[in-house]
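Chain and residue survey
As a plain string of letters, each chain reads:
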Amino acid sequence: SAQVAAPQRESKRRFLMFPMAPLSLWVLAVTWVTSALAHKKYQSRIPNGDKVVRNGIPWPGVGHDAVAGDGPTNAFGVAFARAGELWTVELCMADADEDGQSNGHELGDPNCTWSPGAEPARTTNISHPGFNDSMTSAKSPPPTNTTTSTYSATTSDRPTTSKAPSSGAPRVRVYGMQIACAIFALIGWKYLTA
């Protein structure tokens, strides 16, 4: 009887292990892809979003404390969310990290004239607008009249209030997938060690 039970247990372990592994890997892959696509979307909404550097380290998660993004937002991420996740004159002129350089100056749009898809005024010496230990060595331009924006979006594309958008939904979806992956891994571990 003990000899019969051991093969059945081993068979049960193999059965559960193989379906769980691909499912867990699939959920993990979807999480990574979703996160990577989200960063590209946000990078394209700010000048030089894909060229931000902090202390010599490329920083693709510009709005986050972590290099790769995800997790808590930094000062620039909070300001970006308040601006409706759009590059506005107000966001450009502000100094989110309080280092004495405007967000626009750090990101290569010192005159606040950049619009999505356009070439920024400067594409080198890009620093991080969310951390005050990251400053550009580029010279500040003379002040210009920036009371109007050359942002090419229609009025319907612009936020009507300064309230932060409900950007919690994508973050919840990403975290939900990570939690699901962890649950599948735990279930698989339980059956493998049973």
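What comes next concerns the included structure.

Calculation notes
- Residues numbered from 1 in each chain as written.
- Predicted model: local features only at pLDDT ≥ 70, side-chain atom pairs only at ≥ 80, totals over all residues.
- Heavy atoms only, no water.
- Disulfide = S-S within 2.5 Å.
- Helix = DSSP H or I, 4+ residues; strand = E, 2+ residues; numbered from the N terminus.
- Buried < 20%, exposed > 50% of the residue type's maximum accessible area, 1.4 Å probe, protein only.
- Core = buried A, V, L, I, M, F, W, Y, C linked by side-chain atoms within 4.5 Å.
- Phe/Tyr/Trp six-rings, centres within 6.5 Å; stacked < 30°, edge-to-face > 60°.

A closer look at the state of the cysteines
Throughout the structure, instances matching the rule amount to 1 disulfide. Bridging C92 to C112, the disulfide has an S-S length of 2.1 Å. Here the S-S torsion is close to -85°, and the disulfide linking C92 with C112 is therefore left-handed. Here C92 is found in helix 3 (residues 89–93), whereas its partner C112 is found in the loop between helix 4 (103–106) and helix 5 (168–193), with 20 residues between them in sequence. Each of the two residues, C92 as well as C112, counts as buried.

As for the nonpolar core
In terms of nonpolar packing, the biggest core is built from 15 residues, with I46, V52, F76, W87, L91 and L107 touching the most fellow members. Looking at this core, the elements that each hand over two or more residues are helix 2 (75–82) and helix 3.

Topic: the packing of aromatic side chains
Going through the model one piece at a time under the given rule, you end up with 3 aromatic pairs. Ring geometry for Y42 against F80: centres 6.2 Å apart, planes inclined by 90°, an arrangement best described as edge-to-face. Residue Y42 is located in helix 1 (residues 2–43), and its partner F80 is located in helix 2; the two are separated by 38 residues in the primary sequence. The exposure class assigned to Y42 is partly exposed, which follows from its relative accessible area of 23%. Classification of F80 by relative accessible area gives buried; the value is 9%. Taken together, a centroid distance of 6.0 Å and an interplanar angle of 20° make the contact between F76 and F80 stacked. One end of the pair, F76, and the other, F80, are both in helix 2, 4 residues apart, so they sit about a helical turn from each other. Taken together through their ring pairs, the aromatic side chains of Y42, F76 and F80 make up a single cluster.

Details of unusual backbone geometry
Of note, E85 is a non-glycine position whose phi angle comes to about 60°, a positive value. Among the structural elements, E85 can be located in the loop between helix 2 and helix 3. Backbone geometry places E98, a non-glycine residue, at a positive phi of 55°. Counting through the fold element by element, E98 comes out in the loop between helix 3 and helix 4.

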